[in-house]
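# Structural overview
This is what each chain is made of:
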Amino acid sequence: MDSTVVVVGSLNADLVFSAERMPAPGETVAGTGFAVHPGGKSANQAVAAARLGAAVRLVGSVGDDAHGRLLLASATAAGVDVSAVRAAGGVPTGVAGITVDAEGENSIVIVPGANALLGPAEVAEAARPPLAAFEGSAVVCLCLEVPQAAVLAAARAGRAAGALVLLNLSPYASVPAELAACVDVLLVNAQEAGQLLGRDGLGSGALDWDLVRTGLADLGFERAIVTLGPRGGMVLGPDGTAQIETIGVETVDTTGAGDGFAGALAARLAAGDGLEDAARYAAGAAALATTRHGAQPSYPDADEVRAALSREAAGS
């Protein structure tokens, strides 16, 4: 069966500042470290899936600069096919300024750079020979760090190829009906789900998840996963809801953990897992990613995830 994951979207260089705490508005705090890491939601998701053994193709845009070369080298080293990532002259690679505090929480500012150049024409070019990026794809993984017209074009290309379309609704934006109609699985965190449903937020233990499931279905999302950070997540579908537990870890940096979840989810769906099993695996992979600094450097391989899930099961 087809088992390739195609990730369409963003590549950013992560400029990571470490500090004991986040600065208040107008305040300057002393930092404890600085590093430049390869990142961007889509590049992260591609690397996370490839580290877990999936065949992955990445479609996107970088600048013809040092940051772009860093991103392509990192993805290639992880086993990602980057032949459909175009290097645009005259426009810098996207960057993300990330501050990480002593508790591992982060705040992020993104400048899209070359990511803004990814449009329907570029997606169509990637879909045609000789690139044929969507050929043989099982899962097409999307986020919203690139223009929504490109996201819609990629979703339609995935549908045409017979792939499952996974939309990570991050950063949050409203979803037009024509895009929702192309999405097989929606992946959101509690805040994004609340925004989508017009609520302040989700995640309370007393929350009626059947109502959330119905609300998302009314918007066109029959199957969804709502991630809840260290509390795991909820899988919502036509047959009901299921809670997903995560594994216990010592968190040092949450940067890119959500992307690690998305990449792992895509990898396991492409391998033939059902949504609930894939989500459990992804929760374990994402938890392990928080035990290391950075985004892409933190992603585990399949043996690490398998061992961690086995230890958790044995201890339960």
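Shown above is the structure to which this text applies.
Let me begin by describing the structure that accompanies this report. (Residues numbered from 1 in each chain as written. Predicted model: local features only at pLDDT ≥ 70, side-chain atom pairs only at ≥ 80, totals over all residues. Heavy atoms only, no water.)

## Notes on the overall build of the protein chain
Looking only at helices and strands, the protein chain has 10 helices and 13 strands in total. What you see for the protein chain is a C-alpha radius of gyration of 18 Å, in line with the 20 Å of a compact globule of 316 residues. Summarising its shape, the C-alpha atoms of the protein chain cover approximately 50 × 50 × 40 Å along the three principal directions. A buried classification covers 53% of the 316 residues belonging to the protein chain. Contacts in the protein chain between residues at least 24 apart in sequence constitute 67% of all its contacts with a sequence separation of at least 6. Element-wise, carbon and sulfur atoms account for 52% of the exposed surface of the protein chain, whose accessible area totals about 13100 Å². Each charge class in the protein chain was averaged separately, 18 positive and 34 negative side chains, and the resulting centres sit 4 Å apart. (Helix = DSSP H or I, 4+ residues; strand = E, 2+ residues; numbered from the N terminus. Rg over C-alpha atoms; globule rule 2.2 N^0.38 Å. Buried < 20%, exposed > 50% of the residue type's maximum accessible area, 1.4 Å probe, protein only. Contact = heavy atoms within 4.5 Å. Areas by Shrake-Rupley, 256 points an atom, 1.4 Å probe, with all protein chains shown as cover. Lys, Arg positive; Asp, Glu negative; His and termini not counted. Charge placed at Lys NZ, Arg CZ, Asp CG, Glu CD.)

## Structural notes on the pairing of strand S5 (residues 81–88)
As judged from the 6 bridges shared by strand S4 (residues 55–63) and S5, these two strands associate in the parallel manner. From the neighbouring strand, Gly 63 faces S5, where its bridge partner is Ala 88. On the question of chirality, the crossover connecting S4 to the parallel S5 by way of helix H2 (residues 66–77) is right-handed. (Pairing = 2+ DSSP bridges. Right-handed = clockwise from strand over helix to strand, strands pointing away.)

## Quick look at the layout of surface pockets
By volume, the largest pocket amounts to about 1200 Å³. Contributing to the lining of the largest pocket are 44 residues, with Asn 189, Thr 254, Gly 256, Ala 257 and Gly 258 lying nearest its centre. Of all elements in the fold, only strand S2 (12–19), helix H1 (41–51), strand S6 (94–100), strand S7 (106–111), strand S10 (185–189), helix H6 (190–197), helix H8 (257–270) and helix H9 (275–289) reach the threshold of two or more residues within the lining of the largest pocket. Sorting elements by how many residues they give to the lining of the largest pocket places H8 first, with 5 residues. A breakdown of the residues in the lining of the largest pocket according to their chemical character gives 18 nonpolar, 19 polar and 7 charged. (1 Å grid on protein atoms, 1.4 Å probe; cavity = no way out; pocket = protein on both sides within 12 Å on 5 of 7 lines; lining within 4 Å. Points joined across faces, edges and corners; volume = space filled by probe spheres on them. Nonpolar A, V, L, I, M, F, W, Y, C, P; charged D, E, K, R; others polar.)

## Some words on empty space enclosed by the protein
Summed over all chains, the structure comprises 1 cavity of 30 Å³ or more. Every residue along the wall of the largest cavity is listed here: Ala 48, Leu 52, Gly 260, Ala 285, Tyr 299 and Pro 300. When grouped by side-chain class, the residues that make up the lining of the largest cavity number 5 nonpolar, 1 polar and no charged.

## Quick notes on the environment of Leu 167
Secondary-structure assignment places Leu 167 in strand S9 (residues 164–168). Each C-alpha atom of the pair Leu 167 and Cys 143 lies 5.8 Å from the other, and the pair is 24 residues apart in sequence. Ignoring anything within four residues of it in the chain, the contact list for Leu 167 reads Leu 142, Leu 144, Val 151, Leu 179, Val 183, Val 185, Leu 186 and Leu 187.

## Things to note about the pattern of salt bridges
A complete count under the given rule lists 11 salt bridges for this structure. Across the salt bridge formed by Arg 21 and Glu 27, the nearest N and O atoms sit 2.5 Å from each other. Put simply, Arg 292 and Glu 304 hold a salt bridge, and the shortest N to O gap is 2.3 Å. You can see Arg 292 sitting in the loop between H9 and helix H10 (302–315) and its partner Glu 304 sitting in helix H10, a full 12 residues away along the chain. Residue Arg 292 is classed as partly exposed on the basis of its relative accessible area of 27%. Glu 304 gets classed as partly exposed once you look at its relative accessible area, which sits at 28%. (Salt bridge = Lys/Arg side-chain N within 4 Å of Asp/Glu carboxyl O.)

## A look at the sheet that holds strand S3 (residues 31–39)
The strands making up a sheet are joined through hydrogen bonds of the backbone, oriented either antiparallel or parallel. Strands sit in the order S3-S2-S6-S7 across an open sheet of 4 strands; the sheet is mixed. With partners counted over all chains shown, the strands left at the sheet margins are S3 and S7, one partner each. Averaged over all adjacent pairs, the angle separating strand axes in this sheet is 15°, with direction ignored. Against the sheet, H2 engages S2, S3 and S6, with an angle of about 70° to S3. (Axes fitted to C-alpha atoms, helices over the stretch in contact; angles between N-to-C directions.)

## Considerations on H2
Its 12 residues place the ends of H2 16 Å apart at the C-alpha level, agreeing with the 16 Å of an ideal helix rising 1.5 Å per residue. Of all the residues in H2, the buried ones are Gly 68, Leu 71, Ser 74 and Ala 75. End-on view of H2: buried residues confined to an arc of 135°, all on one side of the axis. For H2, the exposed residues lying more than 90 degrees away from the buried face are Ala 66, Arg 69 and Ala 77. Residues of H2 that are buried make contact with S2, S3, H1, S4 and S5. (Expected span 1.5 Å × (residues − 1). Arc of directions from axis to C-beta.)

## Considering the side chain of Thr 290
With respect to the secondary-structure elements, Thr 290 resides in the loop between H9 and H10. Setting aside chain neighbours within four positions, we find Thr 290 in contact with Val 249, Glu 250, Thr 251, Val 252, Asp 253, Thr 254 and Ala 257.

## Describing a nonpolar patch on the surface
A cluster of nonpolar side chains, namely Phe 17, Phe 34, Val 36 and Leu 70, defines an oily patch on the protein surface of about 350 Å² accessible area. By relative accessible area, Phe 17 is classed as partly exposed at 42%. (Patch = residues over 30% accessible without salt bridge, like charges linked within 9 Å, V, L, I, M, F, W, Y side chains within 5 Å.)

## Some remarks on the sheet that holds strand S1 (residues 4–8)
Strand order across the open sheet formed by 9 strands is S5-S4-S1-S8-S9-S10-S11-S12-S13, with mixed pairing between neighbours. The sheet is open, and its two edges are formed by S5 and strand S13 (240–244), each paired on a single side. Looking at each pair of strands side by side, their axes are set apart by 15° on average, direction ignored. Where strand S8 (residues 137–142) and S9 come together, 4 bridges link them in parallel fashion. From the neighbouring strand, Val 139 faces S9, where its bridge partner is Leu 164. Seen against the sheet, helix H4 (residues 148–160) touches S1, S8 and S9 and runs at an angle of roughly 165° to S8.

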